[in-house]
4 protein chains.
Amino acid sequence: MLRRVSEDGSDAVVVSHRVRVGYGDTDQGGVVHHAVYLRWLEEARVEYLRARGVDYRAVELDERLGLPVVEARLRYRKPARFDDVLDVETRVGRLSRATVRFDYVVRRGDERLVDAQVTLACVQLDAQRLCSVPAAIRVACS
Amino acid sequence: MLRRVSEDGSDAVVVSHRVRVGYGDTDQGGVVHHAVYLRWLEEARVEYLRARGVDYRAVELDERLGLPVVEARLRYRKPARFDDVLDVETRVGRLSRATVRFDYVVRRGDERLVDAQVTLACVQLDAQRLCSVPAAIRVACS
Amino acid sequence: MLRRVSEDGSDAVVVSHRVRVGYGDTDQGGVVHHAVYLRWLEEARVEYLRARGVDYRAVELDERLGLPVVEARLRYRKPARFDDVLDVETRVGRLSRATVRFDYVVRRGDERLVDAQVTLACVQLDAQRLCSVPAAIRVACS
Amino acid sequence: MLRRVSEDGSDAVVVSHRVRVGYGDTDQGGVVHHAVYLRWLEEARVEYLRARGVDYRAVELDERLGLPVVEARLRYRKPARFDDVLDVETRVGRLSRATVRFDYVVRRGDERLVDAQVTLACVQLDAQRLCSVPAAIRVACS
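This text gives an overview of the structure that appears in the document. (Residues numbered from 1 in each chain as written. Chains lettered and ligands numbered in written order. Predicted model: local features only at pLDDT ≥ 70, side-chain atom pairs only at ≥ 80, totals over all residues. Heavy atoms only, no water.)

1. Notes on the overall build of chain A
Across its full length, chain A holds three helices and eight strands. In chain A, the succession of α and β elements from N to C terminus is β-α-α-β-β-β-β-β-β-β-α. Scaling as 2.2 N^0.38, a compact globule of 142 residues should have a C-alpha radius of gyration of about 14 Å, and chain A matches this with 16 Å. Among the 142 residues that make up chain A, the fraction classed as buried is 57%. Residue pairs at least 24 apart in sequence account for 63% of intrachain contacts in chain A once pairs closer than 6 positions are excluded. About 6,100 Å² of surface is accessible on chain A, with carbon and sulfur atoms providing 47% of the total. (Helix = DSSP H or I, 4+ residues; strand = E, 2+ residues; numbered from the N terminus. Rg over C-alpha atoms; globule rule 2.2 N^0.38 Å. Buried < 20%, exposed > 50% of the residue type's maximum accessible area, 1.4 Å probe, protein only. Contact = heavy atoms within 4.5 Å. Areas by Shrake-Rupley, 256 points an atom, 1.4 Å probe, with all protein chains shown as cover.)

2. As for the relation of the copies chain C and chain A
The operation relating the pair of chain copies consists of a rotation about an axis and a translation along that axis. The two copies are related by a screw motion: chain C maps onto chain A through a turn of 180° and a shift of 0.0 Å along the axis, at an RMSD of 0.0 Å. Read as a symmetry element, the transformation amounts to a two-fold axis. When each C-alpha of chain C is compared by its distance to the rotation axis, Arg73(C) comes out closest, at 2.2 Å. Interface residue correspondence from chain C to chain A reaches 100%, placing this contact among same-surface, isologous pairings. (Least-squares fit on C-alpha atoms with pLDDT ≥ 70 in both.)

3. Quick word on helix 2 (residues 56-63) of chain B
All names here are of chain B. Those residues of helix 2 not exposed but buried are Tyr56, Val59 and Glu60. The buried residues of helix 2 all sit within an arc of 90° when viewed along its axis, so they share a single face. Away from its buried face by more than 90 degrees, helix 2 exposes Leu61 and Asp62. For helix 2, the capping residue at the N-terminal end is Asp55, with a side-chain oxygen 3.0 Å from the backbone nitrogen of Arg57. Phi for Arg64, located one or two positions after helix 2, is positive at around 55°. (Arc of directions from axis to C-beta. Polar contact = N/O pair within 3.5 Å; in protein donor to acceptor, adjacent residues only side chain to side chain.)

4. Re the sheet that holds strand 2 (residues 65-66) of chain D
Residue and element names in this part refer to chain D. Strand order in the open sheet formed by three strands is 2-7-8, and the pairing between neighbours is antiparallel. Here the strands that pair on one side only, and so sit at the sheet edges, are strand 2 and strand 8 (129-130). Sheet analysis places strand 2 next to strand 7 (residues 123-124), joined by two bridges and oriented antiparallel. Paired with Gly66 across the bridge in strand 7 is Val123. (Pairing = 2+ DSSP bridges.)

5. With respect to the environment of His33(B)
By secondary structure assignment, the location of His33(B) is in the loop between strand 1 (15-20) and helix 1 (36-51). On the basis of relative accessible area, His33(B) is assigned to the buried category, the value being 5%. Linking His33(B) and Val13(B), residues 20 residues apart in sequence, is a C-alpha distance of 29 Å. When residues no more than four places from it in sequence are discounted, the contact partners of His33(B) are Gly24(A), Asp25(B), Thr26(B), Asp27(B) and Glu42(D).

6. Some points on the environment of Ala51(C)
Residue and element names in this part refer to chain C. Relative to the helices and strands, Ala51 is located in helix 1 (residues 36-51). Residue Ala51 is classed as partly exposed on the basis of its relative accessible area of 27%. When the C-alpha positions of Ala51 and Val15 are compared, they lie 7.4 Å apart, and in sequence the two are 36 residues distant.

7. Describing the interface of chain A and chain B
On the chain B side, the residues contacting the nine residues of chain A number nine residues. Summed over both partners, the interface of chain A with chain B buries about 800 Å², with 54% contributed by carbon and sulfur atoms. It is Tyr23(A), Asp27(A) and Gln28(A) that lose the most area in chain A upon contact with chain B, and together they represent 62% of the buried surface on that side. The interface formed by chain A and chain B holds zero salt bridges in total. Between the two partners, chain A and chain B, sit six residue pairs in polar contact (both at pLDDT 80 or more). In the side of chain A that touches chain B, the residues fall into two nonpolar, six polar and one charged. (Buried area = accessible area lost by both parts, 1.4 Å probe. Salt bridge = Lys/Arg side-chain N within 4 Å of Asp/Glu carboxyl O. Nonpolar A, V, L, I, M, F, W, Y, C, P; charged D, E, K, R; others polar.)

8. Things to note about the pattern of salt bridges
Residues and elements named next belong to chain B. Taken as a whole and judged by the stated rule, the model has 64 salt bridges over all chains. Note that Arg39 and Asp25 form a salt bridge whose closest N and O atoms lie 2.8 Å from each other. Taken together, the positions of Arg39 in helix 1 and Asp25 in the loop between strand 1 and helix 1 put the pair 14 residues apart, joining distant regions of the chain. Glu71 is the salt-bridge partner of Arg73, the closest N and O atoms lying 3.4 Å from each other. Judged by relative accessible area, Arg73 falls into the partly exposed class, the value being 33%. On the accessibility criterion, Glu71 (25% relative accessible area) is partly exposed.

9. Here's the deal with the packing of aromatic side chains
Applying the stated rule across the entire model yields 28 aromatic pairs over all chains. Residues Tyr37(C) and Tyr76(C) carry aromatic rings whose centres are separated by 5.7 Å and whose planes lie at 65° to one another, so their mutual orientation is edge-to-face. Placement of the pair is Tyr37(C) in helix 1 and Tyr76(C) in strand 3 (residues 69-76), with a sequence separation of 39 residues. Tyr76(C) gets classed as buried once you look at its relative accessible area, which sits at 9%. Taken together through their ring pairs, the aromatic side chains of Tyr23(A), Phe82(A) and Tyr56(D) make up a single cluster. (Phe/Tyr/Trp six-rings, centres within 6.5 Å; stacked < 30°, edge-to-face > 60°.)

10. With respect to the interface of chain C and chain A
Taken together, the contact between chain C and chain A spans 16 residues of the former and 16 residues of the latter. At the boundary of chain C with chain A, total buried surface from both sides reaches about 1,700 Å², with 51% on carbon and sulfur atoms. Interface area lost by chain C to chain A is led by His34(C), Leu38(C) and Tyr76(C), which between them contribute 27%. Counting every contact that joins chain C to chain A gives zero salt bridges.

Written out as structure tokens, the structure reads:
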């Protein structure tokens, strides 16, 4: 984990999650398949929350709240390859009443490979209804 | 769907399920990644049951029974490639009180690419306990 | 395949690709995992090209050109569930010298589940260099 | 990494690889989808080789040799769940002229979740022909 001032001078907390590219993450183009990044962003999001004190598993189990993805944007700048070690940097880009947008940069050392934004909505799992982001997550995302 | 006497002279029902290899199903070796077949076998299993009158979605939802995989064996003979059209032939290889074993051959035209056996156990989803395969599935698998 | 005037009154060709949700496409939230759609959009793109006379496999093998994804945007409106039959409607949204943007709607009957845009860049596979979209693909995408 | 005498008293080297279950690794049954383990076994295999001095990426790139999977057997004993931390223990079970069989146990703490065996064949990537396992890998697997 890493807390630091982000590039744009804002003081958002950035949490870094390291992954290594598996053979099955590649496609016949010889690079990581573009869908795989959504899985890594998801892992990075769970680690971001954990680093900030929120256990997402418990949120679902105990509070019966979920954070499904409602929007995703990815910009693929450079390809990653098998066995590369990548760092997924995560920060909260925007927090509204019922949604949180996570902003990501996937890096390989100094190279910026992928930029992404993923917006989640807070829902009551049993009623399948939108609800306000609860205080604990709100604090973790501030 | 296809019903016919199988190769070994037994009169097992064989149901055939056609898939086309996607780009993302390949890896940098230029062939289908070996884990992808388990997904196709699963699809073929659901289609086998449907062809024989069992709606697996309803089994889970209405009867609260599930058929998790307890064992899988795959023999990869020849690789499949992007955009290939494959036929997954499914039959029931063995039916016991609480388990069903599905036997598969994945073909590309005349070529036999993969042989597999997948054993499922019948469980009560709420109690997470083994139970007898219910009559409807038993009939479908005979 | 389906050719028709699209919703907005433009005369873009729309090609429809049908998929059925597999068990492994779901996650513990009980709905299709958000990353799975990128795989279906990719399949739909290959079928779009095929319906319009372009064999993407041959483009890579014979012309040594590829169309990697450089940008993806997905808006998840409603969840899909196991065993649902979905139609992925594909049209070309924008064609520039070196890129093509495909626009998608994923439907379940009358319901609109996901909207997406995926932009591909044309690259020479051996040189790994951007190049102009070749005439055959350009025609197919017009 | 961990070197130790294995359970059965043999002196095989065991290398342990830790993974954490992602949300997308689960299915609507609320547990890890059975196909996901093949991906983790593959990662564990690459780490086994690295721990023993073999860089599998370099084997493919420099020596133009590959190790495709020719057989896989998995026995699923207990399910893993989202956010679980798992240890994949890998050892070489059998080494023949042209094949290597890796034997795995996937554990969650003291619980044994999955046993598996995956057999790889050594092939010349350009000729797509079986060949002898090269000395460096042979030593690493002894």
